[in-house]
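# Structural features, examined
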Amino acid sequence: MHRPKSFFVFSPYFHRLILLLFLLTLTPFCGASGGGGGIPPQELWCVAKNNAEDSDLTTALNWACGPGGADCSPIQNGGPCYDPSNTPLMASYAFNDYFLKHGLTDDSCSFSNTAAVTSLNPSNDKCKFPSSLSVSNGGVTGTMSSTSSSSSSSVGLGPSEDMSGGSKVSLRWWFWLLSISHLLLMVSVFG
């Protein structure tokens, strides 16, 4: 039996496939967090690396507080994060402020390879670090993160997981959607 080329378009299976494609298209936007493919936002901080030398941290700290433009008032004498015996803590505060003000990128958290991005909150009882979630329109809002994953300082811990795959999730969905749509079009035209 010879079918016309447009037979597939009028078959009941075609409508089911279109409905399936529509549902697959909506899936990345219906996550538990209300959008974005179900990937919850994550707090990030820029902190001094554990293996960084104090002299290198001091040089980077001086740059961040000077030409870098970081707000270093909390690490000045009398501030809540001032501790001259803890160079990594004070450097981390300055690094984090610079990181928040300059785009939350790996480049804005390098400081000659003395710093790293982490998802572990470096705050302690006295010294509260603002996180990436407190950034609004390129500036740091007045809110400080009050949640602490540890009561002691976890300064210098590197990234706890790879954060680079977020946008790849939705790109995969679009790739498959376009591939299946193209296949259906080819079957309906040449089938």
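This report concerns the structure included in the present document.

Criteria and thresholds
- Residues numbered from 1 in each chain as written.
- Predicted model: local features only at pLDDT ≥ 70, side-chain atom pairs only at ≥ 80, totals over all residues.
- Heavy atoms only, no water.
- Salt bridge = Lys/Arg side-chain N within 4 Å of Asp/Glu carboxyl O.
- Helix = DSSP H or I, 4+ residues; strand = E, 2+ residues; numbered from the N terminus.
- Buried < 20%, exposed > 50% of the residue type's maximum accessible area, 1.4 Å probe, protein only.
- Core = buried A, V, L, I, M, F, W, Y, C linked by side-chain atoms within 4.5 Å.
- Contact = heavy atoms within 4.5 Å.
- Axes fitted to C-alpha atoms, helices over the stretch in contact; angles between N-to-C directions.
- Left-handed = near helix turned anticlockwise from the far one by under 90°.
- Nonpolar A, V, L, I, M, F, W, Y, C, P; charged D, E, K, R; others polar.
- Disulfide = S-S within 2.5 Å.

Applying the stated criterion across every chain, the model contains 1 salt bridge. For the salt bridge of Lys101 with Asp97, the shortest nitrogen-to-oxygen distance reads 3.0 Å. You can see Lys101 and its partner Asp97 sitting in helix H4 (residues 87-101), 4 residues apart, about one turn around the helix. Take Lys101: its relative accessible area is 34%, and that puts it in the partly exposed class.

Our next topic: the nonpolar core. Among the nonpolar cores identified, the biggest contains 29 residues, and Cys46, Ile75, Phe95, Phe99 and Phe111 are the most heavily contacted of them. Of all the secondary-structure elements, those providing two or more residues to this core are strand E1 (45-48), helix H3 (54-65), H4 and strand E2 (115-118). With 9 residues, the top contributor of residues to this core is H4. Among all residues touching Cys46, those that are not within four sequence positions of it are Ser92, Phe95, Asn96, Phe99, Cys109, Phe111, Ala115, Ala116 and Val117.

Packing of H3 against H4 leaves a shortest axis separation of 9 Å and a crossing angle of 35°. In the crossing of H3 with H4, the sense of the turn from one axis to the other is left-handed. Residues Asp54, Leu57, Thr58, Ala60, Leu61, Trp63, Ala64 and Cys65 of H3 form the contact with H4, whose participating residues are Thr87, Pro88, Met90, Ala91, Ala94, Phe95 and Tyr98. For the contact of H3 with H4, the per-class residue count stands at 12 nonpolar, 2 polar and 1 charged.

As a further point, take the state of the cysteines. Tallied over the full model, the rule gives 3 disulfides. Between Cys65 and Cys72 runs a disulfide, and the two sulfur atoms are separated by 1.9 Å. A torsion of -90° about the S-S bond marks the disulfide between Cys65 and Cys72 as left-handed. Take Cys72: its relative accessible area is 7%, and that puts it in the buried class. Once the bonded cysteines of the protein are numbered in order along the sequence, the disulfide links fall as 1-5, 2-3, 4-6.

The values reported here are purely geometric and, on their own, carry no functional implication.
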